[in-house]
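# Reading the structure
Here are the chains, one letter per residue:
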Amino acid sequence: MGWSSWSLIRGKPTEENIKAQADALIANHLRELGYRYINVDDGWTDGFDDHGIPKPKLASFPDGMDGMAKYMHAQGLKFGIYLNPGIPEKLLKQNSPIEGTTAHIADITDTTQLGSTRLGAYRIDFSKPAAAAYIRSQVAQFDRWGVDFIKMDFVGPGGGRSPSDNREELRQWHAALAHASHPIWLELSNYLSIDQAPLWRATSNGWRIENDIECYGACDTSPDPTIHGNLTLWSKVVVRFADVVRWIPYAGPGSEAGGGWNDLDTLELGNGDRDGITPAERQSMFTLWAVSCAPLFLGSDLTKMDAGDLALISNREIIAVDQAGVSARPLDIQHLRNKPQQAWLTTYPDGSAVLALFNLDQASAEIKLSWHEVDSLRDTHFADGAPPTLHDLITAADVASRPDGLTLTLDAHASRIFRIAARR
């Protein structure tokens, strides 16, 4: 949970604008709710040091990355940076010696294969012993700086401009991070291949399951002042309802096989109309992220916080659903098949559940649930005895249900989320 710079700042982060967001996060009382990571995305680097390790752009970050980490840690926050896999062409040309070895960057570079799904990098050849040493030297430097989070972008196989294979590189990063002096979260991007989901789970803490959520050209260049500069569009949000479903089995806490979370990308919430989506769509977005137990990284300008958005992202009960780490799954309700209305259910060991209802249609629609059908789908016991109690997590009000089920109407793109307790 926290804030990431890309949606708002793109490739122009500075010490000043990053600290301003950190200060605003605290001023809006988000830190005490768990929003603690401040992540600098692309644009912080200025080439490589004498050992081929990325170095900060001191014109933008005069205190360096270690200074940024100290600033965040002093305020009870965590600090993250952005990287790409592989060997960039500029680094190969520099051909730095690799710390602790007699080898140079060229000695570990395979120029016959791409090093990331972003053009301009070559693959690291891990048949060369110095290759693993190079990864360890990077981790050691980031560890010294106090980095708490690394976003590794353009990892393949997955999305991006070109195919690449970074599987062994991820194994090496995982092994090196295990020896850091403090935990460093590793998040993979973007649009990772589900064919390798077990590997992402074994080597990282989270992985993007979709392309970027920002609307880019549709918003950046629009002459319409109501659209220009917006963060996202509903069409960017709604595709995640379908795409996250096949990833659900891989999300969960750590085990011998690893652990991690499905990353739906940043939450474009906080700036009201400038979010680019309606209030109903914002609630549906936050609800989907929460029931999916996805990372909750805000992409908005926290210095211009909208009161309604702030109330939504500050909802302790919905945050608790996200942080409980038990992902919801859509219910295969017979009469909802092939319709744009959905019911997602999370069940917990104590017999309680969280039910999220979504209307993805362009018009209002009625949703009906039979407790008997829900019981048959998930082995719950809501139809036993008295009707279950429903607690609305948005309004904090209790909602009456009938013995046979629940019926309600949702506006276009709207949602409801309830905590359910069976009554015997």
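Just above, that's the structure.
Anyway, here's the lowdown on the structure attached to this text. (Residues numbered from 1 in each chain as written. Predicted model: local features only at pLDDT ≥ 70, side-chain atom pairs only at ≥ 80, totals over all residues. Heavy atoms only, no water.)

### Structural notes on the packing of aromatic side chains
Threshold: Under the pairing criterion, centres of Phe, Tyr and Trp rings, with the six-membered ring standing for Trp, must be within 6.5 Å; the plane angle then separates stacked pairs below 30 degrees from edge-to-face pairs above 60, leaving the rest tilted. Remark: a charge is flagged as sitting over a ring if the NZ atom of Lys or the CZ atom of Arg is within 6 Å of the ring centre and within 35 degrees of the ring normal.
By the definition in use, this model includes ten aromatic pairs. An aromatic cluster is built from Trp234, Phe241, Trp344 and Phe358, whose rings are joined through pairwise contacts. Lysine 19 extends its terminal NZ or CZ atom over the ring of tyrosine 71, reaching a point 4.4 Å from the ring centre.

### Things to note about the pairing of strand β7 (residues 109–114)
The cut-off we apply is this: Strands qualify as paired when DSSP identifies two bridges or more between them. Here a helix means four or more residues in a row that DSSP labels H or I, a strand means two or more in a row labelled E, and each is numbered from the N terminus.
By the bridge criterion, three bridges tie β7 to strand β8 (residues 121–124) in an arrangement that is antiparallel. By the bridge assignment, leucine 114 is partnered in β8 with tyrosine 122.

### Some thoughts on the side chain of aspartate 275
This is how the line gets drawn: Throughout, a residue-residue contact means that at least one pair of heavy atoms, one from each residue, lies within 4.5 Å.
By the element assignment, aspartate 275 lies in the loop between β12 (261–263) and α10 (279–291). Apart from residues no more than four positions distant in its own chain, aspartate 275 is found in contact with Leu231, Thr232, Glu268, Leu269, Gly270, Arg282 and Asp309.

### Examining the pairing of strand β10 (residues 185–188)
Pairing geometry for strand β9 (residues 149–152) and β10, over four bridges, is parallel. Within β10, the position partnered with lysine 151 by the bridge is glutamate 187. Pairing geometry for β10 and strand β11 (residues 206–208), over two bridges, is parallel. Bridge assignment links glutamate 187 to a residue of β11, and that residue is glycine 206.

### A short note on the state of the cysteines
Where two cysteines share a covalent bond between their sulfur atoms, that bond is called a disulfide. Under the convention used in this document: Disulfide assignment relies on a single distance test, namely cysteine sulfur atoms paired within 2.5 Å. Exposed residues in this analysis have more than 50% of their type's maximum accessible area, buried residues have under 20%, and partly exposed residues fall in between, with area computed by a 1.4 Å probe over protein chains only.
Enumeration over the complete set of coordinates arrives at one disulfide. Across a sulfur-sulfur distance of 1.9 Å, cysteine 215 and cysteine 219 are joined as a disulfide pair. The sign of the -120 degrees torsion about the S-S bond sets the cysteine 215-cysteine 219 disulfide as left-handed. We note that cysteine 215, like cysteine 219, is buried.

### Some details on the pattern of salt bridges
Selection rule: Note on definitions: salt bridges are taken to be side-chain nitrogens of Lys or Arg within 4 Å of carboxyl oxygens of Asp or Glu.
Per the stated rule, a full pass over the model turns up 18 salt bridges. Here arginine 208 and aspartate 265 are joined by a salt bridge, their closest N and O atoms 3.5 Å apart. Residue arginine 208 is found in strand β11, and its partner aspartate 265 is found in the loop between β12 and α10; the two are separated by 57 residues along the sequence. A network of salt bridges, in which partner residues are shared, links Asp273, Asp275, Arg282 and Asp309.

### Points about the nonpolar core
As a reminder, the rule being used: Side-chain atoms within 4.5 Å are what join buried Ala, Val, Leu, Ile, Met, Phe, Trp, Tyr and Cys residues into a set we call a nonpolar core.
Core analysis: the largest hydrophobic core is formed by 98 residues, its most contacted members being Tyr35, Ile150, Phe286, Trp289 and Trp344. Broken down by element, the residue count for this core peaks at eight residues, all from helix α5 (residues 129–145). Contacts of tryptophan 289, omitting those with residues within four sequence positions, involve Ile213, Val237, Arg240, Leu264, Asp265, Thr266, Leu267, Ala294, Pro295, Leu296 and Asp322. Counting 21 residues, the second largest nonpolar core, distinct from the first, contains Leu331, Ala343, Ala353 and Ala414.

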